[in-house]
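# Coordinate inspection notes
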Amino acid sequence: MSDKRITVIGGGAWGTALAIQAVRASADVELVLRDRALAERIDTSGENDVYLPGIKLPEALRATVAIDGLRESNAVLLVTPAQHLRSTLIKLAPHWPETLPAVICAKGIEKGTGALMAQVVNETLGDVPVAVLSGPTFAQEVAKGLPAAITLACSDRNLGKDLVELIGTSAFRPYFSTDVVGVEVAGAIKNVLAIASGVVAGLELGDNARAALITRGLAEMSRLAVAMGGRIETMMGLAGLGDLTLTCTGTLSRNYTFGFALGQGQKADAILAERRSVTEGVHTAASITAVASKYGIEMPICSAVDQVANHDADLRSTINALLQRPFRDELETGK
């Protein structure tokens, strides 16, 4: 038995990969799922055949549907989809010790409220310690033990450093930050921009167009992050530019492949109906317009993704409208 114990809430690809990584960091790990049959298969076969097929899971990883082990944990990694985090935490709240750190691993902005995930945690669990884990990491590669670097953000520097030591290894390198808001905003918006990048690829608009989209998308991300209290430096780091680059170019990205399918002429509803895993950028795109309006920030690319993904807008017409926008100074920092 290890003297470190980590609970991972959410048995999708990323949750399973993080559970594997926590075992590599010498922790005893419980992976908590909603699906009892899948949990039993994981314990029996040593494989998550639904979300990470072909990846052998370590023996020290235990899958369960029970949540009675929270009080013995050093930290809980919250890896449920962003739009389900609130309902999940409401169920967990009666069992959650007030000193137990919640490490948010979901990326998104809550529909309806416009809340970041740290706000959702505080509204459901109270004043518990909160950290955010975000950066350029595909689940399959982390699960295989390939090298990766990621940002761990926490307003409490001492706790943040402890969490880095708790989950970090030589091949999984957390870099500490105190910019919780900036890391959250970057992680949410990069999913929306990845959809746009996939559209560019699906329509065969060229590498020039994709490079322009990533760069101008980064400008949109930065404007909103700073307006909400984040730091511009974070946008240039792993959680910002790093994650944006990965998800806008990597074919393992669910958001990128969703956009690619849109560019190939498929309808959003049909694409989503075929998927088991959540495409977070679709939901976050729906929240962007209201949040950007609240802060007086112009985000034309994200708004265009929302129109196409959530309101069935004509793709070609939406792109033409973007291309017809007035020219502007590149370093303009206003609206």
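Look above for the structure.
About the cut-offs
- Residues numbered from 1 in each chain as written.
- Predicted model: local features only at pLDDT ≥ 70, side-chain atom pairs only at ≥ 80, totals over all residues.
- Heavy atoms only, no water.
- Helix = DSSP H or I, 4+ residues; strand = E, 2+ residues; numbered from the N terminus.
- Rg over C-alpha atoms; globule rule 2.2 N^0.38 Å.
- Buried < 20%, exposed > 50% of the residue type's maximum accessible area, 1.4 Å probe, protein only.
- Contact = heavy atoms within 4.5 Å.
- Areas by Shrake-Rupley, 256 points an atom, 1.4 Å probe, with all protein chains shown as cover.
- Lys, Arg positive; Asp, Glu negative; His and termini not counted.
- Charge placed at Lys NZ, Arg CZ, Asp CG, Glu CD.
- Pairing = 2+ DSSP bridges.
- Axes fitted to C-alpha atoms, helices over the stretch in contact; angles between N-to-C directions.
- 1 Å grid on protein atoms, 1.4 Å probe; cavity = no way out; pocket = protein on both sides within 12 Å on 5 of 7 lines; lining within 4 Å.
- Points joined across faces, edges and corners; volume = space filled by probe spheres on them.
- Nonpolar A, V, L, I, M, F, W, Y, C, P; charged D, E, K, R; others polar.
- Polar contact = N/O pair within 3.5 Å; in protein donor to acceptor, adjacent residues only side chain to side chain.
- Arc of directions from axis to C-beta.

Another point: the overall build of the protein. A count of helical and extended segments in the protein gives 15 helices and 8 strands. For 335 residues, the compact-globule estimate of 2.2 N^0.38 gives 20 Å, and the C-alpha radius of gyration of the protein, at 19 Å, lies within 12% of that figure. Expressed along its principal axes, the backbone C-alpha trace of the protein runs to roughly 60 × 40 × 35 Å. Out of the 335 residues in the protein, the part that is buried amounts to 53%. Looking at the protein alone, contacts between residues at least 24 apart form 70% of all its contacts between residues at least 6 apart. As presented, the protein carries roughly 15100 Å² of accessible surface, and 51% of it is formed by carbon and sulfur atoms. With 31 positive and 36 negative side-chain charges, the protein shows a separation of 1 Å between the mean positions of the two kinds.

Next up on the list: the sheet that holds strand S1 (residues 5–9). The 8 strands are arranged S3-S2-S1-S4-S5-S6-S7-S8 in an open sheet whose pairing can be described as mixed. Each edge of the open sheet carries a strand with a single partner, namely strand S3 (61–64) and strand S8 (172–177). Between one strand axis and the next, the sheet turns by 25° as a mean value, whatever way the strands run. Pairing geometry for strand S2 (residues 28–32) and S3, over 4 bridges, is parallel. The partner of Glu-30 across the bridge, within S3, is Arg-62. Set on the sheet, helix H6 (residues 157–167) makes contact with S1, strand S4 (75–78), strand S5 (102–104), strand S6 (130–134), strand S7 (148–153) and S8; between it and S8 the angle comes to about 175°.

Let us look at the layout of surface pockets. Volume-wise, the largest pocket comes out at about 1300 Å³. Taken together, 46 residues make up the lining of the largest pocket; nearest its centre are Gly-12, Ala-13, Val-79, Thr-80 and Pro-81. With 4 residues, the top contributor of residues to the lining of the largest pocket is helix H3 (residues 85–92). Of the residues belonging to the lining of the largest pocket, the class tally is 21 nonpolar, 15 polar and 10 charged. When its volume is computed, the second largest pocket comes out at roughly 850 Å³. Forming the boundary of the second largest pocket are 29 residues, of which Leu-213, Arg-216, Ile-301, Leu-322 and Leu-323 lie nearest the centre. Counting only elements with at least two residues in the lining of the second largest pocket, the list comes to helix H7 (180–202), helix H8 (207–227), helix H14 (300–311) and helix H15 (315–323). The biggest single contributor to the lining of the second largest pocket is H8, with 7 residues. Split by residue class, the lining of the second largest pocket holds 22 nonpolar, 1 polar and 6 charged.

So, about the environment of Asp-312. For Asp-312, the position within the fold is in the loop between H14 and H15. The exposed category is assigned to Asp-312, whose relative accessible area is 54%. A sequence separation of 112 residues divides Asp-312 from Val-200, and the C-alpha atoms of the two residues are 17 Å apart. Sequence-distant contacts of Asp-312, that is, excluding residues within four places in its chain, are made with Lys-267 and Gln-307. Side-chain polar atoms of Asp-312 contact the side chain of Lys-267, separated by 3.3 Å.

Our focus in this paragraph is the environment of Thr-215. Tracing the backbone through its elements, the reader meets Thr-215 in helix H8. Between the C-alpha atoms of Thr-215 and Leu-241, which are 26 residues apart in sequence, the distance is 9.2 Å. From its side chain, Thr-215 meets the backbone oxygen of Ala-211 in a polar contact 2.8 Å long.

For helix H2 (residues 36–45), the complete set of buried residues consists of Leu-38, Ala-39 and Ile-42. The buried side chains of H2 occupy one side of the element, clustering within an arc of 105° when seen end-on. Exposed positions of H2 whose direction lies more than 90 degrees from the buried face are Arg-36 and Thr-44. As for H2, its buried residues are in contact with S2 and S3. Gly-46 lies just past H2 and shows a positive phi near 70°.

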